[in-house]
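Chains, contacts and geometry: an overview
The primary structure of each chain is shown beneath.
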Amino acid sequence: MHDLYYLPIRHVLKQGILASMRSRFCHFIAPLVVGTVALHASPLLAQANADSGTFFVSAKLGVNTYSGELDGEGTNSEGARSRLGWLQSEYGPGIGVEGGYSISPQWSVGAGLLVSSYPALDRADITNPQTGQQGQLNDGSIVSQLYGLGRFTPIRLGNFSPYAQAGFALLFGQGRDPANGQLILGYGPVVGLGVELPVSSESRAFVEIAGSMVVPDDALDNSDPSAYAVGWADNADYDATIQFAVGLRYIFGRDRGIPVSVEVSCPDSIAVGQAGQFVARANPEATQPVLFTWSYGDGTGGLGSIDSHTFQTRGNFEVTVEAKGALNHAMASCLVFVSEPSEPIEQPEPIEPLEPPAIDRCDAAPRLANTGQTVLVTADLLELRADSVVVDFGDSSREFQLPAQHSYDESGEYLVLVSGYNSAGSTTCVASVSVADNLCEEFEALNPAYRFNSVFFDNDSAEIGPEAISLLRENLEYWGSCQNVCVAVNGYTGLGEQNPNDLSTRRALAVAEYYGDSARVRFHGRGGYVEAHPGIERPADFDPRVVESIPLSCDMLYLMD
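Residues numbered from 1 in each chain as written. Predicted model: local features only at pLDDT ≥ 70, side-chain atom pairs only at ≥ 80, totals over all residues. Heavy atoms only, no water.

**A few points about the packing of aromatic side chains**
For the structure shown, the criterion picks out twelve aromatic pairs. Centre to centre, the rings of Tyr-250 and Phe-252 are 5.0 Å apart; their planes meet at 70°, and the pair counts as edge-to-face. Three or more aromatic residues link up through ring pairs in this structure, and these residues are Phe-278, Trp-294, Tyr-296, Phe-311 and Phe-317. One Lys or Arg, Arg-151, reaches over the ring of Tyr-163 and ends 5.2 Å from the middle of that ring. (Phe/Tyr/Trp six-rings, centres within 6.5 Å; stacked < 30°, edge-to-face > 60°. Lys NZ or Arg CZ within 6 Å of the ring centre and 35° of its normal.)

As structure tokens, this is what we get:
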């Protein structure tokens, strides 16, 4: 059917071929460009995953087709005209890799390699425009493409982050110079649309569509009839490609917290039937929560940082403890020799805890959430191990482990109760969660006097510490996707600190730069706290070396400029 591209029949040219070539751009390049402009014009410039200053690598798989002299556009099996024949058949596989850098939560740049197969290029029923003979025009269907592009991610829709991308590509196709057989290098713009979905804190799955326009006309498919006095056969001086792909993007350099490491203490030797005590110690600065699981090498196991175990047979046993942290798992082991008892063993009385479990802190993140959004509940159980844990989410739902996840179906104010139990009693910690049907519209209505987490600095320092980063990350979760909520950042200094005006400004700037979205953040150095707020009473333990983040409507923020 592809012979029709070279038949010298004027009415066929007018009714089908020229119209087909003119529509090549409109088939998919124009929608991609329009979609790109629409996304760039969006006023919503927020994204919850703040990947500023990070590197990434991507891998993708997909299918490809192309629009040109050798595609399926021309006739269908019944002989009728089909201007979308190229989009309905002759797909080939493609694979690509990409590396890049995230400049801000919205903008990133990348460069990559895409290797694709276009079956339409490797056909045996093509009329060669140079010779007029029908037969094989190309010896293969592979096209390699090197590209560089910029990517724009304007908004987050729930967990989905749509993006637009545009750049420039070099293509190494099937085109050869008839004079010397040298490869003809193709080039042209590349544009695309896609959407990302978080898989973990370091990885994103994505689906995208991308297209490129390629010149010269024979670089991709080795066919340019107009160059050989067959001008009636081709009214387009370029070819075009399109790819549909899925892939995975991995992010380097994110602030993930502190991994856990573990040490183990075991008795060197005990007798059969004798209870031994096993102790695991994690690094204190590890990101919480940390859970411990024991394997005693005899088919049994245990839980908790301190556990007791009795072996029933003699021999050498490798005891292993696994510490499961928020970021990683760590393992440690020891060897225990179990001997036959020399005399009947008197088991010690079990030692009961003198106090209920101690809960240092419990938290729910985010504390302001939309209905249906996942809320993560964590707690620090200190010193005395709890035999059991109950997390009551305040809506008749419960979990019996930490960390715990939950999503609320209805808006409202919820108290989350985290309770630890042992034989001495129980201890309960309370965290609050505010849930709205539309968080962005109801933000101020939930609590007009609400203040985001404040962060504190060391004496004469403007460096944000690990604890402050964790609090600022929570602030980003609250307002990162709400375009109508802005933040006023106020920095202060304490008594005795040097250069209070300069230091308070640098502290406020450090927090504003962490938030990243300069259009919705204003920062001010307020100097010494006492001088800046005469007559205002604060708690006796208030630390004036603080930066406060105050949410307010963006209209109010703009009036402050």
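**Here we look at the sheet that holds strand 19 (residues 315–324)**
If you walk across this open sheet you meet the five strands as 14-20-19-16-17, and the pairing is mixed. In this open sheet, the two edge strands, each paired with only one partner strand, are strand 14 (269–271) and strand 17 (301–303). Sheet twist, expressed as the average angle between the axes of neighbouring strands with direction ignored, equals 25°. (Pairing = 2+ DSSP bridges. Helix = DSSP H or I, 4+ residues; strand = E, 2+ residues; numbered from the N terminus. Axes fitted to C-alpha atoms, helices over the stretch in contact; angles between N-to-C directions.)

**Overview of the sheet that holds strand 22 (residues 368–370)**
In any sheet, the strands associate via hydrogen bonds between backbone groups, in a parallel or an antiparallel arrangement. Read across the open sheet, the five strands follow the order 22-28-27-24-25; overall the sheet is mixed. Because the sheet does not close on itself, it has two edges, and the strands there are strand 22 and strand 25 (398–399). The pairing of strand 22 with strand 28 (residues 425–436) spans three bridges and is parallel. Bridge pairing in strand 28 links Ala-369 to Val-435.

**Here's the deal with unusual backbone geometry**
Peptide bonds are mostly trans, and most non-glycine residues show a negative phi. Following Val-215, the chain continues into Pro-216 via a peptide bond in cis, with omega recorded as -5°. Counting through the fold element by element, Pro-216 comes out in the loop between strand 11 (203–214) and helix 3 (218–221). In this structure, the amide linkage connecting Leu-402 to the following residue, Pro-403, adopts the cis form with an omega of -10°. Positive phi is not limited to glycine here, since Ser-396 has a value of about 75°.

**A short note on the nonpolar core**
One finds Val-262, Phe-278, Phe-311, Val-319 and Val-336 to be the most contacted residues of the largest nonpolar core, which totals 22 residues. Taken together, the elements giving at least two residues each to this core come down to strand 15 (275–282), strand 16 (291–295), strand 19 and strand 20 (329–339). The element best represented in this core is strand 20, accounting for five residues. Val-319 has contacts with Cys-266, Phe-278, Trp-294, Ser-295, Tyr-296, Phe-311, Ala-332, Ser-333, Cys-334 and Val-336, leaving out every residue within four places of it along the chain. One finds Ala-369, Val-377, Tyr-408 and Ala-431 within the second-largest nonpolar core, a separate group that totals 21 residues. (Core = buried A, V, L, I, M, F, W, Y, C linked by side-chain atoms within 4.5 Å. Buried < 20%, exposed > 50% of the residue type's maximum accessible area, 1.4 Å probe, protein only. Contact = heavy atoms within 4.5 Å.)

**Some thoughts on the pairing of strand 27 (residues 412–422)**
Here strand 24 (residues 388–392) pairs with strand 27 via five bridges, running antiparallel. Across the sheet, Val-390 pairs through a bridge with Ser-419, a residue of strand 27.

**Here we look at the confidence of the model for the protein**
On average, residues of the protein score 77 in pLDDT, and 74% of them are at 70 or above. Low confidence marks residues 74–82, where pLDDT is under 50. Its contacts with residues over four positions away, or in another chain, come to 14 contacts. The model gives residues 445–449 a pLDDT under 50, and that stretch makes six contacts with residues more than four places away or in other chains. (pLDDT = per-residue confidence, 0-100.)

**Re the side chain of Arg-507**
Here Arg-507 is to be found in helix 6 (residues 500–515). According to the relative accessible area criterion, Arg-507 is buried, its value standing at 0%.

**Some words on the pattern of salt bridges**
Per the counting criterion, the structure on display carries six salt bridges. With a closest N to O distance of 2.8 Å, Glu-208 and Lys-60 form a salt bridge. Of this pair, Glu-208 sits in strand 11 while Lys-60 sits in strand 1 (residues 54–67), placing them 148 residues apart in sequence. Notably, a salt bridge pairs Asp-502 with Arg-506, separated by 3.0 Å at the nearest N-O pair. Here Arg-506 and Asp-502 lie together in helix 6, a separation of four residues that amounts to about one turn. By relative accessible area, Arg-506 is classed as partly exposed at 39%. (Salt bridge = Lys/Arg side-chain N within 4 Å of Asp/Glu carboxyl O.)

**What about the environment of Leu-381?**
Of note, Leu-381 is situated in strand 23 (residues 374–382). Under the relative-accessibility criterion, Leu-381 is labelled partly exposed at 34%. Those residues in contact with Leu-381 that lie beyond four places of it in its chain are Ala-358, Ile-359, Ala-386, Val-389 and Leu-402.

**Section: the side chain of Glu-497**
Structurally, the position occupied by Glu-497 is in the loop between strand 30 (485–493) and helix 6. Here the side chain of Glu-497 touches Gly-494 through a polar contact of 2.7 Å, landing on its backbone nitrogen. Here the side chain of Glu-497 touches Arg-507 through a polar contact of 2.6 Å, side chain to side chain. If near-sequence neighbours (up to four positions away) are discounted, Glu-497 is found in contact with Asp-458, Asn-459, Asp-460, Leu-503, Arg-507 and Arg-545. (Polar contact = N/O pair within 3.5 Å; in protein donor to acceptor, adjacent residues only side chain to side chain.)

**Side note on a nonpolar patch on the surface**
The grouping of Val-97, Leu-113, Leu-146, Phe-168, Leu-170, Phe-172, Leu-183, Leu-185 and Tyr-187 at the surface amounts to a nonpolar patch, some 740 Å² of accessible area in total. Listing elements by their share of the nonpolar patch, those giving two or more residues are strand 9 (161–176) and strand 10 (183–198). Tracing the chain through its elements places Tyr-187 in strand 10. (Patch = residues over 30% accessible without salt bridge, like charges linked within 9 Å, V, L, I, M, F, W, Y side chains within 5 Å. Areas by Shrake-Rupley, 256 points an atom, 1.4 Å probe, with all protein chains shown as cover.)

**Some remarks on the state of the cysteines**
One pass over the full model with this rule turns up two disulfides. Each sulfur in the disulfide pair Cys-266 and Cys-334 lies 1.8 Å from the other. Across the S-S bond of Cys-266 and Cys-334 the torsion is about -75°, and the bridge reads as left-handed. You can see Cys-266 sitting in the loop between strand 13 (262–265) and strand 14 and its partner Cys-334 sitting in strand 20, a full 68 residues away along the chain. Each sulfur of the disulfide joining Cys-362 and Cys-429 lies 2.1 Å from the other. (Disulfide = S-S within 2.5 Å.)

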